[in-house]
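One letter stands for each residue in the lines below.
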Amino acid sequence: MKPKTKALIFNLIAFAILFLIFRIAVGYVLKLETFWLALIAAVIASILAPKFIVVEENGKEKLLMKTVFSKDIREL
């Protein structure tokens, strides 16, 4: 599988997991309509989800991950 495809899948999985967690958590705390719950959960998940990117160095593609909680970028 190409690194760009892996990055896309990892971004999707990370966002989906965090979205579901925040959707359920915000639903317990606040009694809002489903649209507002989904919107709030999507914004929080998109901010806190790790970002996976592909960088090409010396003709070789590298898969990198950046999170909000750490300053360094990790190579996978």
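Refer to the structure above for everything that follows.
Residues numbered from 1 in each chain as written. Predicted model: local features only at pLDDT ≥ 70, side-chain atom pairs only at ≥ 80, totals over all residues. Heavy atoms only, no water.

**Q** What is the right way to look at the pattern of salt bridges in this model?
**A** Opposite charge on two side chains permits them to pair, given that their charged atoms come into close proximity. Taken as a whole and judged by the stated rule, the model has two salt bridges. For Glu-57, the salt bridge is made with Lys-62, and the minimal N-O distance between the two is 3.1 Å. A residue is classified by how much of its surface remains accessible, and Lys-62, at 23% relative accessible area, is partly exposed. Measuring nitrogen to oxygen at the nearest pair gives 4.0 Å for the salt bridge that ties Glu-75 to Lys-62. Taken together, the positions of Glu-75 in strand β3 (residues 73–75) and Lys-62 in strand β2 (residues 60–66) put the pair 13 residues apart, joining distant regions of the chain. What emerges from the salt-bridge pattern is a single network uniting Glu-57, Lys-62 and Glu-75. (Salt bridge = Lys/Arg side-chain N within 4 Å of Asp/Glu carboxyl O. Buried < 20%, exposed > 50% of the residue type's maximum accessible area, 1.4 Å probe, protein only. Helix = DSSP H or I, 4+ residues; strand = E, 2+ residues; numbered from the N terminus.)

**Q** I would appreciate a short explanation of the pairing of β2 in the present structure.
**A** Note on strand geometry: in a regular strand, side chains alternate between the two faces of the sheet. Note that strand β1 (residues 51–57) and β2 share seven bridges and pair antiparallel. Looking at the pairing, Phe-52 lines up with Met-65 of β2. Sheet analysis places β2 next to β3, joined by three bridges and oriented antiparallel. Of the residues in β3, the one forming a bridge with Lys-66 is Ile-73. With antiparallel pairing between neighbouring strands as the criterion, β2 and β3 make up a hairpin whose turn holds six residues. (Pairing = 2+ DSSP bridges.)

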